[in-house]
Amino acid sequence: MWYIISNMSVDISKFSTMKVGGSVTDIRKIKDKASLLQSIESSARLRVPFFVLGEGSNTIFRDIEHSLIVLKMENAGISIEKSDRKNTLVRVGAGERWDNFVKWSVENNFSGIEALSGIPGTVGASPIQNIGAYGSEVKNTIALIEAYDTTVDEFVNIPRERCGFEYRNSVFKKNPGRFIPPPSRVPRGKVGGFIIWSVYFNLCRNSVPVIPKYKDIIEYFEEKNISAPNLNQIRETVLEIRARKLPDPSVIPSCGSFFKNPILTNEAADNLKFKYPEMPVFPVSRDRSKISAGWLIEKAGLKGYAENNIGVYEHNALVLINRGGGSFEDLDNLRNRIKEKILSAFGIMLEEEVNIV
Ligand code: NAP
C-alpha cells in the first residue's frame with residue numbers, strides 16, 4: 001500500500017509537451033548515478049513510487065494529484081567507445097536530447113539515424129517505443145542498453161536481442177513496472193522495471209547515404225535534382241518536411257503522433273481498400289499490412305476539428321494539439337470521440353501511441 005507522507009506538490013503540466021496535467025509529489029533532476037540512487041532511496045523512505053520522465057514529449061498526465069516522484073533524466077553526454085574502418089560504437093547518456101545526438105552523428109559523418117532527425121525527446125526514451133520515421137527505426141542501430149534494474153537493485157547491460165523491439169514497441173513499453181516501486185518494495189519473484197541510463201549505438205562510417213523511400217522525401221530530392229544526397233542533406237530535408245507537417249511543441253503544445261498506425265491482416269486491409277481504393281496500404285510482413293491512422297481520421301472529417309481547447313492539427317490529422325488552456329479532460333473527450341468515430345466508420349479501434357499516466 002502506497003501513501004504520501006510529504007506535503008510537496010509540483011505542477012506537472014509544464015513537464016509534458018502537451019501542457020496538460022495535474023500535480024506530482026516531487027520532481028528530481030537526475031544528472032549522475034549518485035543523484036539517481038539518492039532519489040530512489042528517498043522514494044523508498046517517503047513510500048512514494050517514482051516515475052521516469054525524459055522531455056515529456058510522449059507522456060501525458062491526467063488532471064489529478066499524482067502520488068509520484070518524477071525522475072527527470074538529465075544525464076547527457078556522447079562518447080565514442082570503439083571505432084574501426086566501418087563502424088563506430090557510441091555511448092549516449094539517457095538525458096541527452098535525441099536530436100542533439102542525430103546532429104552530432106551527421107556532423108561526424110556517421111550514418112544510421114539521419115532519417116530520425118527532428119524527433120523530440122531524449123535518447124533514453126528512444127528505445128522505449130522504438131522511435132521511427134521514414135522507414136528507419138532506432139532498433140536498427142542500438143547495440144546495448146545500460147539500465148538500472150529495480151528488481152535486483154543494480155545497473156545491468158541489456159543486449160539489443162533482449163529488448164523485444166517491435167513496431168513502436170519494446171520490452172520497456174510492455175513492462176507494466178512503469179510506476180516503479182523502490183527496489184526494497186518489489187515483491188519477491190515480481191519484475192520491477194528498468195531505468196534506462198545510457199544507450200550504445202552502432203553507427204556506420206564511410207557508407208553511402210540512402211534516400212528514405214517515403215514519397216515526401218523522394219519527391220523533394222527529385223524536385224531539387226539531387227540523386228546522391230549526403231547525410232546533412234538528408235537531415236535538412238527531413239527537418240524541412242517535418243516542419244511543414246508537425247507543430248513545433250515549443251510554440252503549439254502537442255505530443256506528436258497521438259495514435260499508432262493500425263496493423264491489420266491482409267484480408268482486413270484488402271476489404272477496406274475495396275471500399276476506399278484511394279486508401280494507402282503498406283505491407284509490413286507476408287500476412288500483415290499497415291494503414292495510416294492519420295488518413296482514417298482525415299477521411300472521417302476530423303482534421304482541424306476541436307473540442308474546447310484541444311484539437312486535431314489542421315496540417316496533420318495524426319497530431320492532437322493544445323490550442324491554449326486545454327485540460328486532460330478536453331483531450332480525453334476528443335480522443336474518445338475520434339476512437340468512436342473511426343470504429344463506427346471503419347471497424348478499427350485506434351490505439352494511443354502516447355503514454356497516458
Ligand atoms: P506520411 O508520409 O504522410 O505517411 C502517412 C503514414 O503512412 C506514415 O505514418 C507512415 O507510417 C506510412 N507510410 C508512408 N509512406 C510509407 C512507406 N513508403 N512505407 C511504409 N509506410 C509508409 O507520414 P508523416 O505524418 O509525414 O510522417 C512521416 C514519418 O515521420 C513517418 O514515418 C512517421 O511515423 C514519422 N513521424 C513520427 C512521429 C511521432 O511522433 N512518432 C511524428 C511525426 C512523424 P510510419 O509512421 O510507420 O512510418
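Model, not experiment: these values are computed from the prediction.

Enquirer: How should the packing of helix H4 (residues 215-223) against helix H5 (residues 231-245) be read in this particular structure?
Expert: Two measures define how a pair of helices packs: the angle their axes make with one another and the distance between the axes. Where H4 contacts H5, the axes come no closer than 10 Å and their chain directions differ by 120°. Viewed along their axes, H4 and H5 adopt a mutual orientation that is oblique. Note that H4 runs across H5; the crossing there is right-handed. Together, Asp-216, Ile-217, Tyr-220 and Phe-221 of H4 and Gln-233, Ile-234, Thr-237, Val-238, Glu-240, Ile-241, Arg-244 and Lys-245 of H5 make up the contact between the two elements. Among the residues forming the contact of H4 with H5, the class breakdown is 6 nonpolar, 2 polar and 4 charged.

Enquirer: Just to check I follow, could you spell out the sheet that holds strand S19 (residues 306-307) for this structure?
Expert: Strand pairing in a sheet relies on backbone hydrogen bonds. The paired strands run either parallel or antiparallel. Taken in spatial order, the 4 strands line up as S15-S21-S20-S19 in an open sheet, and their pairing is antiparallel. Single-partner strands in this sheet number two, and they are strand S15 (254-257) and S19. Taken together, the 2 bridges between S15 and strand S21 (residues 319-322) define a ladder with antiparallel strand orientation. Pairing of Ser-254 across the sheet is with Ile-321, part of S21. Set on the sheet, helix H8 (residues 328-346) makes contact with S19, strand S20 (310-312) and S21; between it and S20 the angle comes to about 30°.

Enquirer: For this particular structure, what's the right way to read the side chain of Lys-72?
Expert: Note on placement: Lys-72 falls in strand S5 (residues 65-73). For Lys-72, a relative accessible area of 14% corresponds to the buried category. Here Gly-54 takes part through its backbone oxygen, which lies 3.4 Å from a polar atom of the side chain of Lys-72. The contact partners of Lys-72, leaving out residues within four places of it in the chain, are Phe-15, Ile-27, Arg-28, Lys-29, Ile-30, Leu-53 and Gly-54.

Enquirer: Please clarify how the confidence of the model for the protein chain should be interpreted in this entry.
Expert: Detailed reading of the predicted coordinates is not advisable wherever pLDDT falls low. Confidence in the prediction for the protein chain averages 92 pLDDT; 93% of positions are at 70 or higher. Throughout residues 1-6 the model reports pLDDT below 50, and contacts reaching past four residues in sequence, or to other chains, amount to 16 contacts.

Enquirer: Explanation requested: the side chain of Ser-136 in the structure shown.
Expert: Structurally, the position occupied by Ser-136 is in strand S10 (residues 136-137). Non-local contacts of Ser-136, meaning those with residues more than four positions away in its chain, are made with Gly-112, Ala-115, Leu-116 and Ile-131.

Enquirer: In this structure, what is going on with the pairing of S21? I would like to understand it.
Expert: When a strand is regular, its side chains alternate between the sheet's two faces. Residue alternation in S21 divides its side chains into two sets, Val-319 and Ile-321 and Leu-320 and Asn-322, and both sets are buried. Inspection of the sheet shows S20 paired to S21 by 3 bridges, in the antiparallel sense. Its bridge partner being in S21, Val-312 is matched across the sheet by Leu-320. Linking S20 to S21, which pair antiparallel, is a turn of 6 residues.

Enquirer: Can you walk me through the sheet that holds strand S18 (residues 288-291) in this structure?
Expert: Judged by pairing direction, the sheet is antiparallel, and its 3 strands sit side by side in the order S16-S18-S17 without closing on themselves. A strand with exactly one partner marks an edge of an open sheet, and here the two such strands are strand S16 (263-265) and strand S17 (281-283). On average, each strand axis in the sheet is inclined to that of its neighbour by 40°, with strand direction left out of account. Bridge count between S16 and S18: 3 bridges; the pairing is antiparallel. Counterpart to Ile-263 in the pairing with S18 is Lys-290. Against the sheet, helix H6 (residues 266-275) touches S16, S17 and S18, its axis set at about 95° to S16.

What counts and how
- Residues numbered from 1 in each chain as written.
- Predicted model: local features only at pLDDT ≥ 70, side-chain atom pairs only at ≥ 80, totals over all residues.
- Heavy atoms only, no water.
- Axes fitted to C-alpha atoms, helices over the stretch in contact; angles between N-to-C directions.
- Helix = DSSP H or I, 4+ residues; strand = E, 2+ residues; numbered from the N terminus.
- Parallel < 35°, antiparallel > 145°, perpendicular 65-115°, else oblique.
- Left-handed = near helix turned anticlockwise from the far one by under 90°.
- Contact = heavy atoms within 4.5 Å.
- Nonpolar A, V, L, I, M, F, W, Y, C, P; charged D, E, K, R; others polar.
- Pairing = 2+ DSSP bridges.
- Buried < 20%, exposed > 50% of the residue type's maximum accessible area, 1.4 Å probe, protein only.
- Polar contact = N/O pair within 3.5 Å; in protein donor to acceptor, adjacent residues only side chain to side chain.
- pLDDT = per-residue confidence, 0-100.

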